[in-house]
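# Observations on chain architecture
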Amino acid sequence: MDVLKILLIVGLIGYVVAGRMRGRPLIAKDVYVPPVVMAAIGAHGLPQRDLSAADLGWLAVTIALGVLFGVIRAATTVVYAREGVLWHRYTWKTLVVWAITLAIGLGVGALAVAAGMHAEARSMPLSIGAGLLGEALVILFRSRTAGVPYAERETTRRPR
């Protein structure tokens, strides 16, 4: 992976996590665009590679784990109504879950390579995108049951 991709990934993760730790209005594009962007970055080079059945199998496992970890992470977040729209905030538990699942994901990736997956077929951005997708699915469910609309744009007021 080249330096530009790494910087883009780190920047996108930093943007998402920092904003969600502060608490912010829940804007649909902020919930649903990052998983698509990360998955696209992660999948970008895969078609040019000669992927084996083992590569595809391990990719499926890492994507499924990513979605599962996202669902678990989302269980530690807070979604609430404020100013007539939904707001979303990460908790410290969310950061702990991020760290644990990142470590497990790296371990599974190392296991996959040891079991025969080609190292260049591993896609951390794809796994992160899958995790953000799992989180987005839980947010979607919570937002539907809350009966409060998404915010249309960011507001300058923050929760106290």
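Below is a summary of the structure that appears in this document. (Residues numbered from 1 in each chain as written. Predicted model: local features only at pLDDT ≥ 70, side-chain atom pairs only at ≥ 80, totals over all residues. Heavy atoms only, no water.)

### Examining the pairing of strand 2 (residues 78-82)
Cut-off, in case you're wondering: Strands are labelled as partners when DSSP assigns at least two bridges between them. Under the DSSP-based scheme used, a helix requires at least four consecutive residues in state H or I and a strand at least two consecutive residues in state E, with every element numbered from the N terminus.
Examined bridge by bridge, strand 2 and strand 3 (residues 85-89) share five bridges and lie antiparallel to one another. Its bridge partner being in strand 3, Tyr80 is matched across the sheet by Trp87. Counting the residues that bridge the hairpin from strand 2 to strand 3 gives two residues, and of these Glu83 lies at a positive phi of roughly 55°.

### Section: the sheet that holds strand 1 (residues 24-25)
By definition, the strands of a sheet pair up through backbone hydrogen bonds, in either a parallel or an antiparallel sense. For clarity, the cut-off: We call two residues in contact whenever any of their non-hydrogen atoms come within 4.5 Å of each other. Axis definition: a line fitted to C-alpha atoms, limited for helices to the stretch in contact. Angles are taken between N-to-C directions and run from 0 to 180 degrees.
With respect to topology, three strands assemble into an open sheet ordered 1-3-2, the strand pairing being antiparallel. At either end of the open sheet lies a strand with only one pairing partner, and these are strand 1 and strand 2. Where helix 5 (residues 124-146) meets the sheet, its contacts fall on strand 2 and strand 3, and the angle it forms with strand 3 comes to roughly 145°.

### A short note on helix 5
Selection rule: Expected helix span is computed as 1.5 Å times (number of residues minus one).
Compared with an ideal rise of 1.5 Å per residue, which puts 23 residues at 33 Å, helix 5 spans 33 Å between its outermost C-alpha atoms and is within 8% of the ideal. A positive backbone phi angle near 70° is found at Gly147, which sits one or two residues after helix 5.

### Focus on the pairing of strand 3
Let me state the cut-off plainly: Summary of the burial criterion: residues with accessible area below 20% of their type's maximum are buried, those above 50% are exposed, and those between are partly exposed, where the area comes from a 1.4 Å probe applied to protein chains only.
Of all five residues making up strand 3, four are buried, and the element is well covered by its neighbours. As paired strands, strand 1 and strand 3 are joined by two bridges and run antiparallel to one another. Bridged to Pro25 within strand 3 is Trp87.

### Some thoughts on a nonpolar patch on the surface
This is how the line gets drawn: Exposure above 30% relative accessible area and the lack of any salt bridge qualify a residue for a patch; like charges then connect within 9 Å, and the nonpolar side chains Val, Leu, Ile, Met, Phe, Trp and Tyr within 5 Å. All accessible areas in this document rest on Shrake-Rupley with a 1.4 Å probe, and a residue is counted as covered only by the protein chains that are shown. The term salt bridge refers to a pairing of a side-chain nitrogen on Lys or Arg with a carboxyl oxygen on Asp or Glu at a separation within 4 Å.
A contiguous nonpolar surface patch, about 250 Å² in accessible area, is contributed by Val96, Ile100 and Ile104. For Val96, the position within the fold is in helix 4 (residues 92-114). Judged by its relative accessible area of 47%, Val96 is partly exposed.

### So, the nonpolar core
Let me state the cut-off plainly: Buried Ala, Val, Leu, Ile, Met, Phe, Trp, Tyr and Cys residues form a nonpolar core when they are joined through side-chain atoms within 4.5 Å.
Counting ten residues, the largest nonpolar core consists of Ile9, Leu12, Val16, Val17, Met38, Ile41, Tyr90, Trp98, Ile128 and Leu132. Looking at this core, the elements with two or more residues in it are helix 1 (3-22), helix 2 (28-43) and helix 5. Of all hydrophobic cores here, the second largest spans eight residues; its members include Leu46, Trp58, Ala112 and Leu126.

### Description of the pattern of salt bridges
When the charged atoms of two side chains with opposite charge come close together, those side chains can pair. A complete count under the given rule lists four salt bridges for this structure. One salt bridge connects Glu135 with Arg20, and the closest N-O pair in it is separated by 2.8 Å. Of the two residues, Glu135 sits in helix 5 while Arg20 sits in helix 1, which places them 115 residues apart along the sequence. For Arg20, a relative accessible area of 7% translates into the label buried. If you follow the salt bridges from partner to partner, you end up with Arg20, Arg73 and Glu135 in one network.

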